[in-house]
Each structure stands twice: as C-alpha cells, then as structure tokens.
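Coordinate inspection notes
Letter by letter, the chains look like this.
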Amino acid sequence: MTDPRTLAEHINRGLRDLVLMLRRASLGQPITTQQMAVLGSLEAGPRRMSDLAAEHGVRLPTMTRQIGRLLRDGLVVRGRNADDARVVTVELTPTGAERLLRARERRIDHLTERLMALSEDEREAIEAALPALAKLFADS
C-alpha cells in the first residue's frame, strides 16, 4: 500500500508539471492561464467578486485587478446583485466565452497530442484514475 504522504508528494510534483505544460501550451494566447481560470469560473453565470477571490485563493484586491483587465478587454462585465446593491458581480461576455473556448481547445489539442504518445495501457491507467482524482479534488 502506498504511503499517503509519499503519494501526496508525487501528486504535488505531477500537478506542478502538468500546470507548467499547460502554461507552455497556452503561450501566445490572447489570455493568460490565470485569466482563463477566472473566465472558466464564470461559465455557469454571474459570480460575486468575493466568491471568485475565495475560489482562486487570492485576496479581493488581487481579484479586482484581474477582473479590471478582463473588463478592459471586453471579456467580462460588472453588475450588481438585485438583493444587495453593494455586492459586485461579474459575468462572462460573448467575447470572453469565445476566447475561453479557443484557449481551452488549444490546451485540449496539446493534451491529445501528448496522450497519443502514450501506450493504450498508459491511457487506460490515466482514465481509471480520473474518478479517484475527481473525488480527491471535490470541494477543495
């Protein structure tokens, strides 16, 4: 049986390598990987700024700057909560959704190429691990 601490170290290293690979695949995109993550958080609909900051593990001023850049580029719009006008919300624009889709497609194409270089057994092992990984990352 694998020691949980050793497994955690391997997962941490693997995730770091995966994130760096995806960042390299995103070079030259009109949006950064951080912007892509924020836009992805807005796909389901408008979100409170404070909720976005908490989800991304940053302080509200940091998220406000990030949203400011997305707003400047026409990728999001700000709004107000109907129940509480003090609450600022953010929503994806059609242009933001389009940029997110293009960036995501580029990443998926890159991952597809990398997966094609693996054996069928290796791809099946990765696929078999996905439910456990989804459980591991749930509510994080």
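For the structure, see preceding data.
Residues numbered from 1 in each chain as written. Predicted model: local features only at pLDDT ≥ 70, side-chain atom pairs only at ≥ 80, totals over all residues. Heavy atoms only, no water.

Let us now look at the overall build of the protein chain. Each helix and strand counted, the protein chain has 6 helices and 3 strands in total. Secondary structure of the protein chain in N-to-C order comes out as α-α-β-α-α-β-β-α-α. Expressed as lengths along the three principal axes of its C-alpha atoms, the size of the protein chain is roughly 55 × 35 × 20 Å. Here the contacts in the protein chain between residues at least 6 apart in sequence split such that 51% fall between residues at least 24 apart. For the protein chain, the exposed surface amounts to about 9800 Å²; the carbon and sulfur share of it is 55%. Here the protein chain carries 22 positive and 20 negative side-chain charges, and the mean point of each set is 10 Å from the other. (Helix = DSSP H or I, 4+ residues; strand = E, 2+ residues; numbered from the N terminus. Contact = heavy atoms within 4.5 Å. Areas by Shrake-Rupley, 256 points an atom, 1.4 Å probe, with all protein chains shown as cover. Lys, Arg positive; Asp, Glu negative; His and termini not counted. Charge placed at Lys NZ, Arg CZ, Asp CG, Glu CD.)

Moving on to helix α5 (residues 94-116). Its 23 residues give α5 an end-to-end C-alpha distance of 32 Å, which sits within 8% of 33 Å, the value for a rise of 1.5 Å per residue. Considered for burial, the residues of α5 that qualify are G96, L100, A103 and R107. (Expected span 1.5 Å × (residues − 1). Buried < 20%, exposed > 50% of the residue type's maximum accessible area, 1.4 Å probe, protein only.)

What follows deals with the nonpolar core. Ranked by internal contacts, the top residues of the largest apolar core, which has 17 residues, are L39, I67, L70, V76 and V90. Breaking this core down by element, the ones donating at least two residues are α2 (33-41), α3 (49-56), α4 (60-72), β3 (88-92) and α5. For V90, the residues in contact, after removing those within four places along its chain, are L42, G45, P46, R47, M49, L52, I67, V76 and V77. (Core = buried A, V, L, I, M, F, W, Y, C linked by side-chain atoms within 4.5 Å.)

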